[in-house]
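Chain residues, written in single-letter form:
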Amino acid sequence: MRFLNRSAGRLSRHRRGPLAGLVVLLLGLVLTGTAYAAFAPAGQAEEAADNAELVEQGRELFLVGCATCHGQNGEGVLDVNGNQLGPSLQGVGAASVDFQVGTGRMPMVQPGQQNPSKNVAYSDEEIEALAAFVASLGPGPGIPEEEQYSSDYLDSLSAEERDAAINRGQQIFLTNCTACHNFNGRGGAMPRGGYAPGLRETSEKHIYEAMLTGPGQMDVFSDGNIPPENKREVIAFLTTLEEEPQQGGFSLGGLGPVSEGLFAWLLGIGGLVGFAVWIAAHTTRTQKGKGQA
Amino acid sequence: MSTTSKVASTNGATAVAGGKPSRIGAGAQWADERLGLAGLAKKNLRKVFPDHWSFMLGEIALWSFVVLLLTGVFLTFWFNPSMVEVEYQGSYAPLRGSYVSEAFNSSMHISFEVRGGLLVRQMHHWAAHLFIASMMIHMMRVFFTGAHRKPRELNWVIGSLLLLIGTLEGFTGYSLPDDLLSGTGVRAADGFIKSIPVVGTYGSFLLFGDEFPGTAIIPRLYIIHVLLIPGVLLALVAAHMLLLVYHKHTQWPGPGRTEGNVVGFPMLPVYAAKAGGFFFIVFGVTAVMGALMTINPIWMYGPYDPSKVTAGSQPDWYMGWPDGLLRIMPGWEFEFWGVTFPFNVFLPIIVVPGVMWTILLLLPFIENWITGDKREHHLLQRPRDAPTRTALMVSLMTFYAMAWIAGGNDIIAIRFDLSINQITYFLRAAIFIGPLIAFMITRRWCISLQRHAKEQALHGYETGIIERSPDGAYSERHQPLPAAKQLVITGREGDRLPELEPGTDANGVRKPGSRTDGLRGRLSKLWFADNVQPPTQAEIDEAHHHHDGAHELGAGSSADDDDHVTLTKGH
């Protein structure tokens, strides 16, 4: 007690000092602020309010741009013949919206075998709003965070870890993806005019979302099927594929033996026949010199 | 040469002793006394070859074969044909740590660590493409110009065998690196063998030594690729060339050219330079292709694994047409007593290619049987002068092309935004209808060209000079063709129908074998039907007479100058 009294006394000695008021004020503010932040539920409430606003904004966009085919509540629409015009969006998740709208696939020009990517019709904020609205219809995969898909993490790895990650990515790619997307990520044909698009132009986020949601004829590669870190390794492999130098020269479209055969005939045989014509056309003067070998 | 130094330099009565031979002469003399080369050289160094670009197509094949031998030997220094599994630790980062076969590992080593290895590997592959492609265009040239006729039928057979065996050589070659694409090809080959009824499974086990893939297929393919087939190819190439020397080269008809001579340039110095130079050109083109254009990037395909496959899995182009037939074949599969008979594989891969190759091999004999032509031919025919033959080859080429397109149907679908199904449906019909249409169009086209040539030979070519006669009639002046061109048209042999004995004897009794004679007679009539025969001397004289008349009359004022009338009508 004596000790306490003594220190209180020491503190008390400064109570009329020039900075005392300021210190007390600051202490008071910090305490109040911390206590408020610790106890008040105001943060979540605000976020919920923001989200509700976003969903409402998304709903309005949805009613204008999407509801014709997907229904006003995203329940899907059948045409007069009973065919599905637009599928139900309940449970497809925000990732699906971000992929379909973010790559320009939605809104669709017309129903068909293939839904090609084209110019993106909505701004990033609008896509976010649409995604929020669709996510509110039912639980589904969310938009991935950057560290989930970005291949930049390779820079933080040692050379060996990096090689191992890219190698795993290639193995997964060759096992699951090349059958449609080609060994080079150049795409391939699907039945009735459909196709698996080339992956060279697709952003890392959209590749991740495609694996997660399985757009079009593509399979869904859920996190149980290909864990998130493996998905990221596939993306890392695809990125290095683009960065790799063309060791063999021009890739000739990276389409395999068909384009190789085309070049063998057009350039190779075409060129050599041209040379044959040239050689045969340049005939010798037989009377030059003595004419003896 | 050694003999030149001993040739007398005067016409004096006493022989002049030769001077001291030059170094080269002395060397040649030394060799000749031991090897007897002078006689051989004297005969062959002056051997004459006619000059035409189309006679050099076979040379492309020969020289690309030499490139294949050279680059192939280089590759064998490092390639290790083993299916032992190893961990890849080479310099291509994305594959490091993968388990691969030793064959794949050593192919990667050649591509990434051996200096110039990838260049030589790519040159070898491109040269293989050029080898088979040039054999094909050479073969088409031979057939279109009638160079397969007597006495060269056997050389045609040898050439066809070269094409078949060259194709197999290509297949065994591109299967060796054991990458994903080539493994898919070997897997397909396994299926093809197994599609053969009864013996298929045994054949597969015989080849693979085990259930697919086993551990024996790569070493076996390797020894077939580097020893067995190259040996056969070399022997056949040698036989092909010896027969070429023996038969002497064919030539186009022209001034001074007959069935009994060859007009052209001698081997030394002209053709040695031309052919030798062409070797360097072929080597150079192959090197440029190998240096600049990726072929079979095995590092991208990765090692073969039966559980993986890639879109765009095609064989190399020369195996593309059976693959195409397989792709458009409806899925007809039959089951007998619990055994599946994959007719949908057996027909397009085993039966049709076999039939097609037999047809190819027999083409000279089929034609010979129909035309009944027993004469020797050393002068070539222009394709138009044998319309049915030309049309036959074009229709075979159309069949090939349709099957070929089918082989690339998926690439065509994505590149041209088409539906793979519709390409398939189209080709299922086109493969039958296309050759027929091509046959008819080509045949009529040839006959039109024949008519045109005859017209020109008889009445001259159109000069584009329009003359107006004093009484106001317009006509175009025609000029006679240059002599060499004229000779090509007028100098060729006309068609001769085979002389068949009547099918019944004097008493009306049918002779044995007359039924086939009847078929043969009908076929030969069809073969030559509507062909335009070369102008006869009488026709030429007649035309000349008309033209002389026309000149006189043209100067005068006769309005019913019948030659002018026919000419203006004709054009």
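Here, residues in each chain are numbered from 1, in the same order as that chain's written sequence. For naming, the first written chain is A and the first written ligand is 1, with later ones following in the order written. Local features in this predicted model are restricted to residues whose pLDDT is 70 or higher, and side-chain atom pairs enter the listing and the counts only when it is 80 or higher, whereas totals over whole chains, interfaces and linings include all residues. By convention in this description, side-chain values take in all heavy atoms of the structure and omit both hydrogens and water.

Draft legend 1. Highlighting the overall build of chain B. Strands here are runs of E lasting at least two residues and helices are runs of H or I lasting at least four, both read from the DSSP assignment and numbered beginning at the N terminus. For chain B, the helix and strand inventory stands at 20 helices and eight strands. C-alpha atoms of chain B, sized along the principal axes, occupy 95 × 80 × 65 Å. Note on classification: 1.4 Å probe, protein chains only; a residue is buried when its accessible area is under 20% of the maximum for its type, exposed when over 50%, partly exposed between these limits. Per-residue burial for chain B yields a buried fraction of 47% across its 571 residues. Residue contacts follow a heavy-atom distance rule, with two residues in contact if any of their heavy atoms lie within 4.5 Å. Taking the contacts inside chain B whose residues are at least 6 apart along the sequence as the reference set, 75% of them involve residues at least 24 apart. Using the Shrake-Rupley algorithm and a 1.4 Å probe, accessible areas are obtained, with residue cover drawn only from the displayed protein chains. For chain B, the computed accessible surface area is about 28700 Å², with 66% contributed by carbon and sulfur atoms.

Draft legend 2. Region of the structure containing the interface of chain A and chain B. Facing the 58 residues of chain A at the interface are 69 residues of chain B. Buried surface area refers to the total accessible area, computed with a probe of radius 1.4 Å, that the two partners give up upon joining, counted for both partners together. Interface area lost by chain A to chain B is led by A:Phe183, A:Trp265 and A:Leu272, which between them contribute 13%. The working definition used for a salt bridge is a side-chain nitrogen of Lys or Arg within 4 Å of a carboxyl oxygen of Asp or Glu. At the junction of chain A with chain B, the criterion picks out one salt bridge. Residues A:Asp163 and B:Arg96 are paired through a salt bridge, measuring 2.4 Å at the closest nitrogen-oxygen approach. For the purposes of these results, a polar contact is taken to be a pair of N or O atoms within 3.5 Å, where, inside protein, one atom must be able to donate a hydrogen and its partner to accept one; residues adjacent in sequence count only when each atom of the pair is a side-chain atom. At the junction of chain A with chain B, the criterion picks out 21 residue pairs in polar contact (both at pLDDT 80 or more). Those elements that place two or more of their residues in the side of chain A that touches chain B are helix H8 (159-176), helix H9 (178-181), strand E3 (188-189), helix H11 (228-243) and helix H12 (257-281) of chain A. In terms of residue count, the dominant contributor to the side of chain A that touches chain B is H12(A) (18 residues).

Draft legend 3. Inspection of the domain arrangement of chain B at higher detail. Along its sequence, chain B is carved into domain 1 (3-8 + 17-45) and domain 2 (59-315). Start and end points for every domain follow an automatic or database-based domain assignment. For domain 1 of chain B and domain 2 of chain B, the distance between their C-alpha centres works out to 41 Å.

Draft legend 4. Quick look at a nonpolar patch on the surface. Each patch is built from residues that are more than 30% exposed by relative accessible area and take part in no salt bridge. Like charges join if they lie within 9 Å; nonpolar side chains (Val, Leu, Ile, Met, Phe, Trp, Tyr) join within 5 Å. The grouping of A:Leu19, A:Leu22, A:Val23, A:Leu25, A:Leu26, A:Leu27 and A:Leu29 at the surface amounts to a nonpolar patch, some 720 Å² of accessible area in total. Its relative accessible area of 51% is what places A:Leu26 among the exposed residues.

Draft legend 5. A look at the pairing of strand E8 (residues 474-479) of chain B. Residues and elements named next belong to chain B. Paired strands, as defined in this entry, are two strands with at least two bridges between them according to DSSP. For strand E7 (residues 461-468) and E8, the ladder comprises five bridges, and the chain directions are antiparallel. Bridging across to E8, Tyr461 finds its partner in Gln479. With antiparallel pairing between neighbouring strands as the criterion, E7 and E8 make up a hairpin whose turn holds five residues, including Gly472 at a positive phi of roughly 100°.

Draft legend 6. Region of the structure containing the nonpolar core. Residues and elements named next belong to chain B. Counting residues in hydrophobic clusters, the biggest one holds 80 residues, and the most contacted among them are Phe131, Trp156, Leu163, Phe278, Trp317 and Trp321. Sort the elements by how many residues they give to this core and helix H5 (residues 117-144) lands first, with 16 residues. Those residues in contact with Leu163, other than ones at most four positions away along the chain, are Ile132, Met135, Met136, Met139, Trp357 and Leu360. For the purposes of this section, nonpolar cores are sets of buried Ala, Val, Leu, Ile, Met, Phe, Trp, Tyr and Cys residues that join through side-chain atoms within 4.5 Å.

Draft legend 7. Representation of the pattern of salt bridges in the model. Residue and element names in this part refer to chain B. Across all of its chains, the model carries 21 salt bridges over all chains by this definition. A salt bridge links Asp530 to Arg444; the nearest nitrogen and oxygen atoms lie 2.8 Å apart. Of the two residues, Asp530 sits in the loop between helix H18 (514-528) and helix H19 (537-555) while Arg444 sits in helix H16 (residues 420-459), which places them 86 residues apart along the sequence. Judged by its relative accessible area of 45%, Asp530 falls in the partly exposed class.

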